[in-house]
Amino acid sequence: MVTLGAHTYEEIISQPRAWKQALEVTESLRGVIKNFWMDNSEKQVLFTGCGSTYYLSLVAAALVREIDGRGAYGVPAGELFLYPATTYDHLKPHILVAISRSGTTSETLAAVKHFQQAGRGPVLVVTNDGESPLAKRGDLTLAVPEGQEKSVAQTRSFASMLVAVTGFTALAAGKDDLFQDMFKLPESGSKVLEVSQPLAKSLGENFDLDSFYFLGSGIRYGLACEVNLKMKEMSLTHSESFYFMEFRHGPMSMVTDTSAVIGLLSTTQYQYEQAVLDHMKALGSNVFSLAESGADLNFSSGLAEAIRSVLFLPPLQLMAYYRAIAKGLDPDKPKNLSAVVELELG
Ligand code: F1P
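Procedures and definitions
- Each chain has its residues counted from 1, running along the sequence as written.
- Under the rules for a predicted model, residues below a pLDDT of 70 receive no local features and side-chain atom pairs below 80 are neither given nor counted, while totals for whole chains, interfaces and linings still include all residues.
- The basis for every side-chain value is the complete set of non-hydrogen atoms in the structure, without hydrogens or water.
- Segments assigned H or I by DSSP are reported as helices when at least four residues long, segments assigned E as strands when at least two residues long, and all are numbered from the N terminus.
- As defined in this context, the radius of gyration uses C-alpha atoms, and a globule is described by 2.2 Å times the residue total to the power 0.38.
- Relative accessibility thresholds used throughout: buried, under 20% of the residue-type maximum; exposed, over 50%; partly exposed, between the two (1.4 Å probe, protein chains only).
- In this analysis, two residues are considered to be in contact whenever any of their non-hydrogen atoms come within 4.5 Å of each other.
- Surface accessibility in these figures is a Shrake-Rupley result with a 1.4 Å probe; residues are shielded only by whichever protein chains are displayed.
- One heavy atom suffices: a residue is near a molecule or strand as soon as one of its heavy atoms comes within 4 Å of it.
- Counting of polar contacts relies on pairs of N or O atoms within 3.5 Å, with two restrictions inside protein: one atom must be capable of donating a hydrogen and the other of accepting it, and residues adjacent in sequence are counted only when both atoms are side-chain atoms.
- Buriedness of a pocket was judged along seven lines, with at least five required to meet protein on both sides within 12 Å; pockets are open sets of points on a 1 Å grid over the protein atoms alone, cavities are sets where a 1.4 Å probe fits but cannot get out, and lining residues have an atom within 4 Å of a point.
- Assignment of a molecule to a cavity or pocket requires that more than half of its atoms lie within 2 Å of the corresponding grid points.
- Geometry of aromatic contacts follows a simple scheme: Phe, Tyr and Trp rings, the Trp one being its six-membered ring, pair when their centres are within 6.5 Å, and the pair is stacked under 30 degrees between planes, edge-to-face over 60, tilted otherwise.
- Two conditions define a charge sitting above a ring: the NZ of Lys or the CZ of Arg must be within 6 Å of the ring centre, and it must be within 35 degrees of the ring normal.
- Here a strand pair is declared whenever DSSP counts at least two bridges between the two strands.
- To get an axis, a line is fitted to the C-alpha atoms, and for a helix only the part in contact is used. The angle between two axes follows their N-to-C directions and goes from 0 to 180 degrees.

Draft legend 1. Representation of the overall build of the chain in the model. Within the chain, the regular secondary structure consists of 14 helices and 10 strands. Relative to the 2.2 N^0.38 estimate, which gives 20 Å for 346 residues, the radius of gyration of the chain is 19 Å and therefore close to what a compact globule would have. Seen through its C-alpha atoms, the chain measures out along the principal axes to roughly 55 × 45 × 40 Å. The buried share of the chain, reckoned over its 346 residues, is 57%. Contacts spanning at least 24 positions in sequence make up 76% of the contacts within the chain whose residues lie at least 6 apart. Approximately 13,800 Å² of the chain is accessible, and the part contributed by carbon and sulfur atoms is 54%.

Draft legend 2. Focus on the site of the ligand. In the vicinity of the ligand there are 13 residues, among which Ser 100, Arg 101, Ser 102, Thr 105 and Gln 154 approach most closely. A distance of 3.1 Å separates an oxygen atom of the ligand from a polar atom in the side chain of Glu 233. Here the ligand loses 93% of its free accessible area of 390 Å² to cover by the protein chains. Among the cavities detected, the one that contains the ligand is the largest pocket. Among the elements of the structure, helix H4 (52-67) and helix H12 (221-235) are those that each provide at least two residues to the shell around the ligand.

Draft legend 3. Region of the structure containing the packing of aromatic side chains. Enumeration over the complete set of coordinates arrives at 11 aromatic pairs. In this structure, Arg 70 is placed above the aromatic ring of Trp 37, and the distance from its NZ or CZ to the ring centre is 3.9 Å.

Draft legend 4. The arrangement of the sheet that holds strand S10 (residues 297-298) in detail. Strand order in this open sheet of 5 strands is S7-S6-S8-S9-S10, and the pairing throughout is parallel. Each of the sheet's edge strands pairs with one partner strand only, and the pair in question is strand S7 (238-242) and S10. In this sheet, S10 lies alongside strand S9 (residues 286-291) in parallel orientation, the contact comprising 2 bridges. For Leu 290, the partnering residue across the bridge sits in S10 and is Leu 297. Most of the contacts of H12 go to S7, to which it runs at about 175°, and overall it touches strand S6 (211-216), S7 and strand S8 (259-264). Lying on the sheet, helix H14 (residues 313-326) is in contact with S6, S8, S9 and S10; it crosses S6 at an angle near 170°.

What follows is the structure in structure tokens.
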């Protein structure tokens, strides 16, 4: 008898191992990474990917701006392919960072090919398949094979590439102590997986909740987008993601006593972000929060905010998984989806 979601569950639970490999791979390229960054010190950074890996691009760009300070932004590969002129400033030299679990997604390959043909600058590839066509195109490639998955919706893969990108950025920016601290993440991840099981299960299985709003700001906005996508892909649930302060400007009109507003809280701007959650609670919405401390689910990692954002993923991936199973769906094979989108592009 097939167990629904067997691959998805195993991939979520095993992900700290993939995080560890991401750190080892990044460590092994320490010198190369520092030289690459120094040789391209005048360049802005353009991150790209599709779906989950576009959202990872948003996280990565915010990280570079926060940790290194240079210009960085994330765009969908489809937009970079179709409308390059609207996606980045051609007059300025760029590094393109292409992120892809498979390394075979058509829009991402096309965007990289056009960027290289135009001679815009070097390409860094972050992937879970070091033998993929995209990996072969990279001037520098970070490959984390432990992140590979059988299921369609990204969980372990996304998190492993996030750890790799975070580690790359810390080393590139000369924040070697910050990078060293990242080696505590796998153990913190295992603890968070354990403590979050009850809340993830009760929230996921709670059919009194019919709409989910994920709020995140700064480097956490891209994570809010990603977990929003997990809820859609795995459990076919209506969900949306917003910057915290944006939610009051219209979208909060949607909250009811059957909605769940889930806050990915920072430490630095906790008071402003918690105030949004308090406001939604006063409007009658169900509210749940995750943070390093002071939330419904606390990581208590002791790690700096810039390197611990991956800890938001396991609880919310599990929540989407439990909701899919409770609805009798198979998160390993989401409706209408395939693991890779391959198109005939001109
Ligand atoms: C990206 C992708 C996403 C989708 C899902 C499966 O593939 O297809 O677009 O949201 O997460 O992965 P890749 O380029 O990362 O292999």
